[in-house]
Amino acid sequence: MMTFLLKIIAGAALMLLAGIFAILFEGLDRVIHAKMQRRVGPPVLQAFYDLLKLLGKENITPRSGNKWMFNTAPWFSVAVTLLVFMYIPIGSLPAILGNSGGLILIIYLLGLSAVMMALGGFSSGNPIANVGAQREMILMMSYELPLAVVVTTMAWLAYKLGLPGQPFSVETFVATPVWGVVGKAGILGLLLLFVSLVLVVPGETGKGIMDIPEAKTEILEGLTIEYSGTNLAMIHLAISLRALAMSGVIVGLFIPWSLGASLGLHGAVLFFIDFIWFWIKTFAVAITGVTLIRTAFGRFKIWQASYFYWIKIAGLALAGMILLSLDVLL
Amino acid sequence: MASENKKTYKIPIGPVHVGLKEPITAWLDLDGESITNATIRPGAIHRGIEFMARDRNPIQVISLSERICGICSFSHVVCFVRAVENVADMPVPARAQYIRAIVLELERIHSHVLWAGVACYTIGFDSAFHLGMLLREKVMDILEAFTGNRVNYGMGTIGGVRWDVTPAVNQALRDMIQYYRDEFDAFYDVVTEDPIAKARMRDVGVLSREDAISYCALGPTARASGIRCDLRWSAPYEAYGDMDIKPIVPQDYYGEVHGDVFDRFLVRVLEVYQSLDIIEACLDGLPEGPIMTEPKIPKLLGQLKKADGMGWGAIEAPRGDDTHVLKLTAGDENVTWWKVRAPTYSNAVSWPIMFKNNELADAPLIINSVDPCISCMERMLITDKGQDTGKVVTKSELLERCRDKTRRLMQG
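Calculation rules
Residues numbered from 1 in each chain as written. Chains lettered and ligands numbered in written order. Predicted model: local features only at pLDDT ≥ 70, side-chain atom pairs only at ≥ 80, totals over all residues. Heavy atoms only, no water. 1 Å grid on protein atoms, 1.4 Å probe; cavity = no way out; pocket = protein on both sides within 12 Å on 5 of 7 lines; lining within 4 Å. Points joined across faces, edges and corners; volume = space filled by probe spheres on them. Helix = DSSP H or I, 4+ residues; strand = E, 2+ residues; numbered from the N terminus. Nonpolar A, V, L, I, M, F, W, Y, C, P; charged D, E, K, R; others polar. Pairing = 2+ DSSP bridges. Axes fitted to C-alpha atoms, helices over the stretch in contact; angles between N-to-C directions. Salt bridge = Lys/Arg side-chain N within 4 Å of Asp/Glu carboxyl O. Buried < 20%, exposed > 50% of the residue type's maximum accessible area, 1.4 Å probe, protein only. Contact = heavy atoms within 4.5 Å.

A. Spatial organisation of the layout of surface pockets. Roughly 730 Å³ of internal volume is contained in the second largest pocket. Every residue lining the second largest pocket is counted, 26 residues in all, and those nearest its centre are Lys207(A), Asp211(A), Lys216(A), Glu221(A) and Arg294(A). Counting only elements with at least two residues in the lining of the second largest pocket, the list comes to helix 1 (2-36), helix 8 (216-219) and helix 9 (229-254) of chain A together with helix 5 (126-147) of chain B. Among the elements that make up the lining of the second largest pocket, the one with the highest residue count is helix 9 of chain A (five residues). Split by residue class, the lining of the second largest pocket holds five nonpolar, 10 polar and 11 charged.

B. Here's a closer look at the sheet that holds strand 1 (residues 9-13) of chain B. Residue and element names in this part refer to chain B. Within the open sheet, the three strands sit side by side as 1-2-3. Their pairing is antiparallel. Each edge of the sheet is formed by a strand with only one pairing partner; in this case those strands are strand 1 and strand 3 (34-41). For this sheet the average axis-to-axis angle between neighbouring strands, irrespective of direction, equals 25°. Looking at chain direction, strand 2 (residues 25-31) and strand 3 are connected through seven bridges and run antiparallel. Of the residues in strand 3, the one forming a bridge with Thr25 is Arg41.

C. Quick look at the pattern of salt bridges. Residue and element names in this part refer to chain B. Across all of its chains, the model carries 35 salt bridges over all chains by this definition. A salt bridge links Asp230 to Arg232; the shortest N-O distance between them is 3.0 Å. A salt bridge links Asp404 to Arg407, with the shortest nitrogen-to-oxygen separation between them at 2.8 Å. Of the two residues, Asp404 and Arg407 both sit in helix 19 (residues 395-411), three residues apart, roughly one turn of that helix. With relative accessibility at 35%, the residue Asp404 sits in the partly exposed group. By relative accessible area, which is 42% here, Arg407 ends up partly exposed. Look at the salt bridges and you will find they share partners, linking Glu105, Arg108, Arg223, Asp230, Arg232, Glu271 and Glu316 into a network.

D. A look at the sheet that holds strand 7 (residues 320-328) of chain B. Residues and elements named next belong to chain B. Taken together, three strands build an open sheet; the order of strands is 6-7-8 and the sheet is antiparallel. Edge positions in the open sheet fall to strand 6 (309-317) and strand 8 (335-341), since each of these has one partner strand only. Adjacent strand axes in the sheet meet at a mean angle of 15° when their direction is disregarded. Inspection of the sheet shows strand 6 paired to strand 7 by nine bridges, in the antiparallel sense. From the neighbouring strand, Trp312 faces strand 7, where its bridge partner is Val325. Each of strand 6, strand 7 and strand 8 touches helix 3 (residues 73-88); the most contacted strand, strand 6, lies at about 150° to it.

Shown next, in the form of structure tokens:
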């Protein structure tokens, strides 16, 4: 009973923090994006102000839409994305629900979040939102393939090498960084997997090269076109949360090293330092995956995005998979 | 993919759309993402400028013609002024001709840099868009230093120009040329190197050479389809007769013509370099002398009052061939009538062809690719929406009405 209560409290606190960090990430993303474009940019807290403003605005539901679905979808999307953080170990702290789910569940939750947003778009009854929602679904199906390849390879690696812990749990990879347990070909393979996973982040968030479901110069913010007020705030939050959740998974899988442990810290200080360290790493991955890519490139068309993920990134991931298998089996 | 009995659905792009600079509507019939049919509905920004001109004298119409368009304002002024000079048989001093050419080329740089930025914005490449806005500032600053204004320059007058190139302006212009030669390469890189920009623009919105000819495409749109047409080259005016200007066509650079958005981008970017060369040549060869034939405006008006007949002016505006035709009647101070044919009017006709076999994602890019200037274009659209079911008057009806009007004007 005690652990159950503790888990609820810890989970609620972590969800709150993740939400705040997600908004902070959006603010940082805008500032860094602006600096790289030789602009002054907004204050870092602008994303907070925007969110607060949106929260105070009226929710308008389109007459032709499915009201129930339209209003639930954004909240559901945020909720399931927040759940992802329950399965990621934050620094040296174990994942709150780590025993009851792992990578498969995380993929499922991230997918569910995208599906929820697409459902919200479909239920608005707006043809432009409809196009956006279709694009969101296609995009999701596209990036799921490299994501699945990476996750299964990692789990197979953990299983084959007999890493302590469940193969599909992120904690396994945090406890034993995979870079140390494979040979030279394996390191190259891991690098390929890492790169392909980082390139999934823009797809997951629909930003930059994958700004396709919400392409504002094409389909006027696409699936969010009819959203306003609190619902829109939730959609923005869900998108930022997905960037962070995905980056958190990448940190857990590929950059798990603990700063506190290498400094020889113990106890609460270790947990605290590693907690901060985890978020720094997550932000770094998210800024690479979202901000840098969206500054450097334009946007794909949807079939080009599918091609990019199905052929190029999946190919990269498969090459990584083959290299790793060769390294482990031979 | 598309089955025969599948229902298409309609999506409007415009009249107000994030990807468009100006109000125009394209109703797209979509099957999934692909466009099966497109209907262009202009008519949102008609202002009746030609009508307004009829109770103003030519000097007053100069500032009116300047306000036809925000970007190619000086092109319209030069075109109008040349039409008036044509009627009144008025000479223009050589120095004024050179200064007109300089400002026209500055305007072309402004227009093309802005367009390149907006095209990048349309494909979601915001960094290049902001770079474009940054580069555009420079030419606007120079225009401000030269003429005192950033958009409507107030530079042209009948029989000359109103501001001279002072040594300081000369130096500023040369600095600007150097600045652009150093900084503009980023856009050139977008054309040639960025893989995503190339994927988005190559083979999108194709206008074949034959279609470009039969649908009367003009300016960079036609040149991107491989047609060598440039009034600066084929019918030189102002100082261009003294320059060595070749129309820029993609086959000279890449050996092949696609007639797509990529080629239009390439042509415009290369034209910026060409404009820099022309400005430099103009500054080097700037003749001495007066800049106006008749500086006293009442005296000039007196001369123009005596002029009688029809005059026309046609110049190569940034978007293509801009033509003004007008009539002055002896003894009447005002412009009898005035007709503006802006390049977008011709280019807009080829939009439905460009839309064929493209995707929704390309639609704003295709609309932008001809660099539409809707406020230039909209001079003669009549709808009978008030009485009827919203039917737009067809081309032949419009032509008939136009002829009727001309007949009326010639009699009265």
